[in-house]
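Residue-level listing of the chains:
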Amino acid sequence: MARWLWLSALVLVIDQATKVAALLWLEPHVPLPVLAPVFNLTLLFNEGAAFSFLADAGGLQRWGLAAFALAMSAALGVWLVRLPRTERRLAVALALVIGGALGNLIDRVLYGHVVDFIQVYLPFIPLRLFNPWPAFNIADSAISIGVAFLLVTTLREGRSRA
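Residues numbered from 1 in each chain as written. Predicted model: local features only at pLDDT ≥ 70, side-chain atom pairs only at ≥ 80, totals over all residues. Heavy atoms only, no water.

**Quick look at a nonpolar patch on the surface**
And then number 1: Together, V20, L23, L24, W25, F45, L110 and Y111 line one region of the surface with nonpolar side chains, adding up to about 750 Å² of accessible area.
And then number 2: For the nonpolar patch, the secondary-structure elements that each account for two or more residues are helix 1 (5-25) and helix 3 (88-111).
And then number 3: Element by element, the count of residues in the nonpolar patch is highest for helix 1, at 4 residues. (Patch = residues over 30% accessible without salt bridge, like charges linked within 9 Å, V, L, I, M, F, W, Y side chains within 5 Å. Areas by Shrake-Rupley, 256 points an atom, 1.4 Å probe, with all protein chains shown as cover. Salt bridge = Lys/Arg side-chain N within 4 Å of Asp/Glu carboxyl O. Helix = DSSP H or I, 4+ residues; strand = E, 2+ residues; numbered from the N terminus.)

Right, dumping it as C-alpha cells:
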C-alpha cells in the first residue's frame, strides 16, 4: 500500500506551495476578504500545536512537536505499507495525515512556527471562540479530514465485525 504515499506527497506539495504564496502575497495579521464575511486569507504564525496549544512554552515546543510529527509520520507510514490491498479507505486516511504532518513539520524546522493563512467565520455558532475560527492551512485540513476518515472507517469496520 506504499503506492498511496503519492497522496501524502501531493498534500505536501500543495501545502508548501500555498504557504509560500501566503508568505509572498499576504501581510501578517491583515485579513484579505475572499468571501466576506465568512472567509478571509490572513497570514498568521503558530508556534504551538492545534489551536495554538503550547505556543507559550518558551521555544522547546518547536523541536518537541517536530519530533512528535516525525515519529507519528513514521509510525503511520509503517502502518500504511503493512495494510492489505483491500484497505483503500484506511490507506487514504493515513496518507492524508502523513502528508499534513510532514507539511507542518517542514514549517517548524525551517521557520520555527507553522504558517497559517485560512480564516473562517462561523456565524451560526454564537461563541467568540469560533469567530473567527483559529487560522489553519492545507496541512491542517488534510490532517483533520484524514483523522475523520480514519475514525469513520474504523467505526464502520468495527460494526461490520460485530
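**Things to note about the confidence of the model for the protein chain**
And then number 1: Overall, the predicted model of the protein chain reaches an average pLDDT of 87, with 86% of residues at or above 70.
And then number 2: Mean pLDDT across the elements of the protein chain ranges from a minimum in helix 2 (residues 60-82), with 87, to a maximum in helix 1, with 98. (pLDDT = per-residue confidence, 0-100.)

**With respect to unusual backbone geometry**
And then number 1: Non-glycine residue H29 carries a positive phi angle of around 65 degrees.
And then number 2: Mapped onto the elements of the fold, H29 is located in the loop between helix 1 and strand 1 (32-35).

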